[in-house]
There are 2 protein chains.
Amino acid sequence: MKKKITIIGAGLAGSLLAVILAKKGFKVDVFERRPDMRKESISAGRSINLALSDRGIEALKLAGIDDFVLKQVIPMKGRLIHSVDGTKKIQPYSGRDKEYINSVSRGGLNIALMNKAEEYPNINFYFNQRVLKIDYNKKTFKVKNENSKEIQELVFNHLIGTDGAGSVVRLSYQTGGVKRFNFSQDFLSHGYKELAIPPGPDNEFQAESNVLHIWPRHDFMMIALPNLDKSFTVTLFNRFDGNTGFDSLDTNEKVEDFFNKYFPDAVSVMPNIIDDWHENPTSSLATVKCFPWAIEDKALIFGDASHAVVPFYGQGMNASFEDCRVFSELLDEYDNEIDWEELFDKFQNLRKENTDAIADLAIQNYAEMRSHVANPVFQIKRQVEMELESKYEDFSSKYSLVTFRDEIPYSKAKKLGELQDDYLMKICSNLGSAEEIDYDLVYTELKKIEESLD
Amino acid sequence: MKKKITIIGAGLAGSLLAVILAKKGFKVDVFERRPDMRKESISAGRSINLALSDRGIEALKLAGIDDFVLKQVIPMKGRLIHSVDGTKKIQPYSGRDKEYINSVSRGGLNIALMNKAEEYPNINFYFNQRVLKIDYNKKTFKVKNENSKEIQELVFNHLIGTDGAGSVVRLSYQTGGVKRFNFSQDFLSHGYKELAIPPGPDNEFQAESNVLHIWPRHDFMMIALPNLDKSFTVTLFNRFDGNTGFDSLDTNEKVEDFFNKYFPDAVSVMPNIIDDWHENPTSSLATVKCFPWAIEDKALIFGDASHAVVPFYGQGMNASFEDCRVFSELLDEYDNEIDWEELFDKFQNLRKENTDAIADLAIQNYAEMRSHVANPVFQIKRQVEMELESKYEDFSSKYSLVTFRDEIPYSKAKKLGELQDDYLMKICSNLGSAEEIDYDLVYTELKKIEESLD
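As the structure is a computational prediction, the values presented were derived from the model and not from experiment.

Chemist: Which parts of the structure should I look at to understand the overall build of chain A?
Modeler: A tally of regular secondary structure across chain A gives 15 helices and 19 strands. By the compact-globule yardstick of 22 Å for 454 residues, chain A fits well, its C-alpha radius of gyration being 23 Å. Taken over the C-alpha atoms alone, chain A extends approximately 65 × 55 × 40 Å along its principal axes. A burial count over chain A gives 56% of its 454 residues as buried.

This is the structure in structure tokens:
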């Protein structure tokens with residue numbers, strides 16, 4: 001049996017990492033502040049479903065759990081854009097049929113990963129354990145049992161913090177663990193609230209099921225993702241302040257008026273809006289960036305703990321899973337003796353520019369989702385991209401580069417995607433429709449852009 | 001007697017603010033973590049002297065302490081640039097004689113402010129008091145006496161955190177005090193170490209005294225500011241890593257070689273380099289930005305606590321003193337009943353863009369000081385600026401706008417200064433010398449640029 005690794009946080013990244021490490025023969029202890037979600041229902045207000053795509057799936061393969069998970073997802077082939085007047089337009093995610101994203105239950109996936117982990121005798125989960133303090137000199141940490149209130153001091157060899165956007169491990173870096181810790185947390189002026197479209201009377205989906213629904217309203221937007229139980233999880237993204245912001249929607253009447261005015265077609269299938277509105281919290285959205293992620297060979301932060309992103313590219317979970325894949329591959333480069341300090345350092349230097357890139361892409365995509373998708377030139381551009389993807393196997397739009405091309409790092413996907421976007425938007429702004437395009441010419445130009453990057 | 005105000009931190013900003021508030025009739029309690037610096041010597045490693053300029057002086061006037069302080073400063077009329085070959089070039093700060101900056105002792109100024117404060121019976125200082133926890137709902141805070149270890153819980157009406165770049169008050173905002181707290185701390189890859197040029201054998205200055213000395217060496221630099229005791233405080237700014245970085249200078253021989261190679265003219269008057277090198281810490285340099293600064297009418301952070309900047313524009317203290325002036329003026333807008341929530345909110349909204357501007361200017365000025373000052377085009381541009389300032393009373397270079405024009409907010413000084421710089425650098429890059437300039441023409445163009453901003 002190899003060395004013991006201590007993981008803080010049994011969320012998606014921590015659970016997947018535990019499985020990957022256990023498969024390689026490490027002993028893994030996982031400490032989780034919350035109760036075991038398989039025994040108690042998890043708290044409301046976190047996103048109920050997520051979009052799983054290629055980068056995430058590649059990592060799940062390493063844990064041997066991809067097939068199992070992919071049986072419990074709902075493919076979403078494109079965005080279905082809802083106008084206020086009730087008209088709907090589909091915008092496929094790709095011009096190739098095999099490229100789509102998958103709606104998956106956050107809780108279900110987390111449970112599947114924990115169940116998989118517990119197949120390994122060398123993994124132990126410790127629930128209700130709140131980390132209070134970490135001493136990187138002594139390599140000890142204090143945990144408090146949230147039930148018994150008992151406090152224990154434990155030792156670690158290598159501690160990996162996968163404890164999410166509000167990471168306690170990261171806070172310990174900031175408050176003394178790291179000498180010069182670069183750190184930023186930036187909140188959007190917009191937050192979100194989850195609502196629902198329940199299944200219909202005959203237990204059927206009450207809207208198209210194989211799409212991601214978007215109601216873009218410029219200053220705010222609503223989206224809906226399908227669930228296995230034929231419901232949709234609906235999320236309203238909205239400003240906190242301003243005329244139509246969350247803070248101003250402070251009576252049932254105002255909430256009803258707001259939905260009737262801006263989302264009339266959705267209201268008819270959302271009978272519980274008012275109850276949901278009151279029961280579910282209004283949550284905030286932040287981008288977290290920091291560096292370094294590693295303290296010598298002692299500690300590493302990972303996933304949302306080191307790079308929380310806003311949800312608008314559907315890549316938060318996928319980026320964290322990709323962390324697991326990259327970490328696994330770096331670990332495989334060692335035969336016997338692992339140089340943990342070198343490993344942690346390689347990892348953070350490989351990942352940092354890529355997680356910065358997806359963080360920035362996610363911010364940019366908010367404007368795309370709530371506004372640009374309704375712009376005629378953008379719509380033509382997406383049609384042109386679909387046509388290009390269908391005609392030329394080796395062309396991918398920015399969205400496809402980020403979402404489906406797991407062999408291309410985020411930073412390159414961002415650079416190439418932005419150059420492509422500039423070029424295509426320029427062309428499309430002079431067009432009346434996508435049919436006027438000389439595709440071979442455009443494709444040749446796009447290939448030149450790609451080569452200019454190499 | 002008016003309400004009680006609680007100030008956390010008796011540094012430069014906290015002490016000045018205490019005087020200003022006491023003059024207006026408020027009762028002021030000031031809690032300071034360190035001992036009374038008038039009784040015990042302060043810890044080494046913080047900057048020993050600072051550059052006081054017009055924004056700072058304007059604020060000192062409100063405390064009635066400007067005359068007293070200005071008797072204990074040493075005017076610095078310009079930068080004296082030292083080349084490796086020993087040649088020196090003066091670059092005046094302004095084309096007008098009355099515009100210069102002042103070297104002042106940090107400790108002396110702080111003591112003067114505390115002494116002034118204690119002339120007011122309504123100010124109380126509490127030293128050795130470490131703030132542990134602030135409860136913004138109950139409006140209480142816990143302090144620990146660092147000597148007796150006694151912990152007290154105290155109440156506050158309005159708490160103002162002036163506790164510096166490592167602010168505990170700000171950390172309490174981040175860890176629960178404020179719901180969506182935007183925050184960043186960015187460390188430079190460069191740090192600094194203080195050294196000294198002692199007075200000569202006949203107690204004389206061993207270098208020109210009315211200048212700020214700069215040894216620009218591109219990747220690093222050294223500066224020296226004069227002190228009243230005829231010594232100079234010397235500061236080496238250098239990378240941590242790399243061939244010539246701090247971390248590599250790990251033997252006395254390497255340190256000596258480094259100074260002999262890059263600062264030969266300084267070495268001859270720095271007999272204690274090696275002792276100073278070991279005694280003084282190598283400190284880091286960070287920019288801190290955050291928002292909001294206020295919690296309702298309960299708390300406000302202020303000075304370095306909310307906007308720590310790197311030292312390269314000589315404006316950190318001046319910006320914090322300007323905070324005091326702006327706060328004082330806003331307070332004067334109320335006759336009787338003060339709306340503290342409105343006051344705090346007005347203050348943060350007025351100041352934020354200006355402290356962001358000086359933070360960015362300070363980062364940019366590092367490149368200017370360690371590199372551009374040695375660039376021939378930059379040198380011509382500075383000559384042109386001097387000539388313009390001497391010919392035209394209403395022209396100020398970017399440096400002068402920031403440093404001497406306290407009636408112009410930093411954000412405007414930055415915008416205007418950058419436009420002027422772009423224009424002047426373009427002109428000067430085509431010139432062999434400053435004499436080829438048609439000043440009336442250039443002045444007219446510069447005025448157009450200024451008008452375009454209004």
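Chemist: When you look at the relation of the copies chain A and chain B in this model, what are you seeing that I'm missing?
Modeler: Comparison of the two chain copies shows a relationship of rotation about an axis with a shift along it. Once chain A is rotated about the relating axis by 180° and shifted along it by 0.0 Å, it coincides with chain B to within an RMSD of 0.0 Å. On the angle and the small slide along the axis, the relation comes out as a two-fold axis. When C-alpha positions in chain A are compared against the rotation axis, the closest is assigned to Ser-184 of chain A, at 2.0 Å.

Chemist: Hey, could you run me through helix H11 (residues 340-370) of chain A in this one?
Modeler: Each turn of an α-helix holds 3.6 residues, which means side chains three or four residues apart point in the same direction. Between its terminal C-alpha atoms H11 of chain A stretches 44 Å, which fits the 45 Å expected from 31 residues at 1.5 Å a residue. Bending of H11 of chain A peaks at approximately 35° at the position of Arg-351 of chain A.

Chemist: When you look at the interface of chain A and chain B in this model, what are you seeing that I'm missing?
Modeler: Each partner contributes residues to the interface: chain A has 15 residues there, and chain B has 15 residues. Approximately 1300 Å² of surface area, both sides summed, lies buried where chain A meets chain B, with 49% of it carried by carbon and sulfur atoms. Sorting the residues of chain A by area buried against chain B places Arg-180, Gln-185 and Phe-187 of chain A first, and these three jointly supply 41% of that buried surface. Run the count over chain A and chain B and you get zero salt bridges. Our count for the contact surface shared by chain A and chain B stands at seven residue pairs in polar contact (both at pLDDT 80 or more). Looking at the side of chain A that touches chain B, the elements that each hand over two or more residues are helix H5 (168-177) and strand S13 (182-197) of chain A. Among the elements that line the side of chain A that touches chain B, the one with the most residues is S13 of chain A, at seven residues. By residue class, the composition of the side of chain A that touches chain B is six nonpolar, six polar and three charged. Relative to strand S13 (residues 182-197) of chain B, S13 of chain A is paired through three bridges, and the arrangement is antiparallel.

Cut-off values and rules
- Chains are numbered independently. Their residues run from 1 in the order of the written sequence.
- Here the convention is simple: chains get letters from A, ligands get numbers from 1, in the order in which they are written.
- In view of the model being predicted, local features appear only for residues whose pLDDT reaches at least 70, and side-chain atom pairs are presented and counted only at 80 or more, with totals across whole chains, interfaces and linings using the full set of residues.
- The side-chain numbers reported here are obtained from all heavy atoms of the structure, hydrogens and water having been left aside.
- Each helix is a run of H or I in the DSSP string that is no shorter than four residues. Each strand is a run of E no shorter than two, and both are numbered from the N terminus.
- Each radius of gyration is computed over the set of C-alpha atoms, and the globule rule expresses the reference value as 2.2 Å times the number of residues to the power 0.38.
- Here's how the labels work: a residue is buried when its accessible area is under 20% of the maximum for its type, exposed when over 50%, partly exposed in between, all with a 1.4 Å probe on protein chains only.
- Residues reaching a pLDDT of at least 70 in both copies supply the C-alpha atoms on which the copies are superposed by least squares.
- Under the convention used throughout, the expected extent of a helix is 1.5 Å for every residue step, that is, one less than its residue count.
- Axes are fitted to the seven residues ending at a residue and to the seven starting at it; the angle between these axes is taken as the bend at that residue.
- Any two residues having at least one pair of non-hydrogen atoms within 4.5 Å are treated as being in contact.
- Take the accessible area each of two parts loses on contact, using a 1.4 Å probe, and add the two losses: that sum is the buried area.
- When a carboxyl oxygen of Asp or Glu is within 4 Å of a side-chain nitrogen of Lys or Arg, the pair counts as a salt bridge.
- Polar contacts here mean pairs of N or O atoms no more than 3.5 Å apart (in protein, one a potential hydrogen donor and the other a potential acceptor; neighbouring residues in sequence count only if both atoms are side-chain atoms).
- Lys, Arg, Asp and Glu make up the charged group, whereas Ala, Val, Leu, Ile, Met, Phe, Trp, Tyr, Cys and Pro make up the nonpolar group; the residues left over, Gly among them, are polar.
- Strand pairing requires that DSSP identify at least two bridges connecting the strands.

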